[in-house]
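Understanding the architecture of this molecule
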Amino acid sequence: MAGFTYHVKRYFSFSRDEWTALFITAVVMGFVLSFNKWGATTFDLSVGVKNLLLALSASVALLIVHVGAQKLAGIYYGVKVAYGKYTIGLLVGVLVTLLSFGYLPLFFPGHLTYETIPNLRVGKFRAAMVKKWEIALIAFAGPLASLLLTIPFNLLQAATGLAVFHTLIVVSVLLAVFAMIPLPIIQTPNPYTVYMSRMESFEGSTPGFDIFFSSPSWYFFLAGLVVCFALLALLFGPSILAGVLALILGFGTMYGYVHLRNEEFR
């Protein structure tokens, strides 16, 4: 643990570009999450601004924790993790939110790129040879951290009755769910360029895609766990029991996928 603490102090950081990407993503998150919260029956500027600032503050804080967990997991496995925004995904999310009048707030948390840290890829790790399961665990660290945060938020909400903790729960849950969407990152909105350049238009991928690429079976387990926990958390409140039930349902999701895949190849 002392060695890991030293490595964190040395390698844990956010670049200027990462801070910019985090802030832009958080602004979009705050906008879509507060889109239809500008008054109960009539437009109310003061209420709307208050809800916007609350959603924006929650998005900034929780996104930093989300990406920070992935960076810490990366350091543990000797990998430098860099965060980037998904511009086209954010625009699509805003469009979907507008078309649904805010009833379907959609956003894409961004993507990750990975680079080995030579000084740490020694000993039990082979230098410059990061395994797919290591990338998957690093990518899943963000959604896992977001889900775990909902449990103390729920306890604080029950103890204080403050609505801010409910907002934190909702943002955390949506952040975890949307991060699990397996999408490659398209860097240009021009479909002709995508068709002609093939892979040159793709750069990086969402955490969900990294997990799916590592192992489709385990992706369905983790995605099932996240989605089931999210539903239980929003319906009944996040708790350890909800986590256990989500774990069981996640295994059920993986079993269903494996069973269907085996049936297909018979």
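Heads up: the structure comes first, above all this text.
Below or above, wherever it landed, is the structure these notes cover. Note that the structure is a prediction, hence the values are computed from the model and not measured.

1. Some details on the overall build of the chain
- Looking only at helices and strands, the chain has 10 helices and 4 strands in total.
- The order of helices and strands in the chain, counted from the N terminus, is α-α-α-β-α-β-α-α-β-α-β-α-α-α.
- In the chain, of all internal contacts separated by at least 6 residues, the share reaching a separation of at least 24 is 74%.
- Surface exposure of the chain reaches about 14,600 Å², of which carbon and sulfur atoms provide 71%.

2. A closer look at the nonpolar core
- With 59 residues, the main nonpolar core has Leu33, Leu63, Tyr83, Phe107, Met180, Ile211 and Phe229 as its most contacted residues.
- Where this core is concerned, the elements lending two or more residues are helix 2 (16–33), helix 3 (45–76), strand 1 (79–84), helix 5 (132–160), helix 6 (163–179), helix 9 (216–236) and helix 10 (240–264).
- The element that contributes the greatest number of residues to this core is helix 9, accounting for 11 residues.
- Apart from the residues within four sequence positions on either side, Met180 is in contact with Phe140, Pro143, Gly208, Ile211, Tyr219, Leu222, Ala223 and Val226.

3. Observations concerning helix 4 (residues 87–99)
- Spanning 13 residues, helix 4 covers 19 Å between terminal C-alpha atoms, matching the ideal 18 Å at 1.5 Å per step.
- Among all positions of helix 4, only Gly89, Leu90, Gly93 and Thr97 are buried. Relative to the axis of helix 4, the buried residues are bounded by an arc of 100 degrees and lie together on one face. For helix 4, the exposed residues lying more than 90 degrees away from the buried face are Leu91 and Leu99.
- Contact partners of the buried residues in helix 4: helix 2.
- The positive-phi residue at the C-terminal boundary of helix 4 is Phe101, with phi of around 55 degrees.

4. Digging into unusual backbone geometry
- You will see that Phe101, though not glycine, has its phi angle at about 55 degrees, which is positive.
- Tracing the sequence through the fold places Phe101 in the loop between helix 4 and strand 2 (111–116).

5. Side note on a nonpolar patch on the surface
- Among the surface-exposed residues, Ile240, Leu241, Val244, Leu245 and Ile248 lie close enough to one another that they form a single nonpolar patch of about 500 Å² accessible area.
- Mapped onto the elements of the fold, Val244 is located in helix 10.

6. Regarding helix 2
- Look at helix 2: 26 Å from first C-alpha to last across 18 residues, which is about the 26 Å you get at 1.5 Å a residue.
- Of the positions making up helix 2, those classed as buried are Glu18, Ala21, Leu22, Thr25, Ala26, Val28, Met29, Gly30, Val32 and Leu33.
- Each element contacted by the buried residues of helix 2 is listed here: helix 3, strand 1, helix 4 and helix 6.

7. As for the packing of aromatic side chains
- Summed over all chains, the structure comprises 14 aromatic pairs.
- Measuring from ring centre to ring centre gives 4.8 Å for Phe14 and Trp19, while their planes differ by 40 degrees; the resulting arrangement is tilted.
- Assessed through its relative accessible area of 14%, Phe14 is described here as buried.
- Put simply, the rings of Phe4, Tyr76, Tyr77 and Trp133 touch in pairs and so form one group of aromatic residues.
- Lying across the ring of Phe14, Lys71 places its NZ or CZ 4.9 Å from the centre.
- Geometry around Phe213 places Lys132 over its ring, the cationic atom sitting 5.8 Å from the centre.

Reading the values: the criteria
- Per chain, the residues get numbers from 1 upward, laid out in the order the sequence is written.
- Since the coordinates come from a predicted model, pLDDT governs what is reported: local features require at least 70, and pairs of side-chain atoms require 80 or more to be given and counted, while whole-chain, interface and lining totals use all residues.
- Excluding hydrogens and water, the side-chain figures rest on all heavy atoms present in the structure.
- Numbering of helices and strands runs from the N terminus, with a helix taken as a DSSP run of H or I at least four residues long and a strand as a DSSP run of E at least two residues long.
- Only heavy atoms matter for contacts: two residues are in contact if any of them lie within 4.5 Å across the pair.
- Note on areas: Shrake-Rupley with a 1.4 Å probe; residue coverage comes only from the protein chains shown.
- In this description, a nonpolar core means a group of buried Ala, Val, Leu, Ile, Met, Phe, Trp, Tyr and Cys residues linked to one another through side-chain atoms lying within 4.5 Å.
- The cut-offs for exposure are 20% and 50% of the maximum accessible area for each residue type, with area from a 1.4 Å probe on protein chains only; residues under the lower value are buried, those over the upper are exposed, and the others partly exposed.
- Helix span, as expected, comes to 1.5 Å for every residue beyond the first.
- The arc under discussion is defined with respect to the helix axis, by the directions toward the C-beta atoms.
- The patch calculation keeps residues exceeding 30% relative accessible area without a salt bridge and links them within 9 Å when they carry like charges or within 5 Å when they are nonpolar (Val, Leu, Ile, Met, Phe, Trp, Tyr).
- Each salt bridge in this description consists of a side-chain nitrogen of Lys or Arg and a carboxyl oxygen of Asp or Glu lying within 4 Å of one another.
- Pairing of aromatic side chains here covers Phe, Tyr and the six-membered ring of Trp, requires ring centres within 6.5 Å, and sorts the geometry by plane angle: under 30 degrees stacked, over 60 edge-to-face, intermediate tilted.
- Two thresholds decide whether a charge sits over a ring: the Lys NZ or Arg CZ must be within 6 Å of the ring centre and within 35 degrees of the ring normal.

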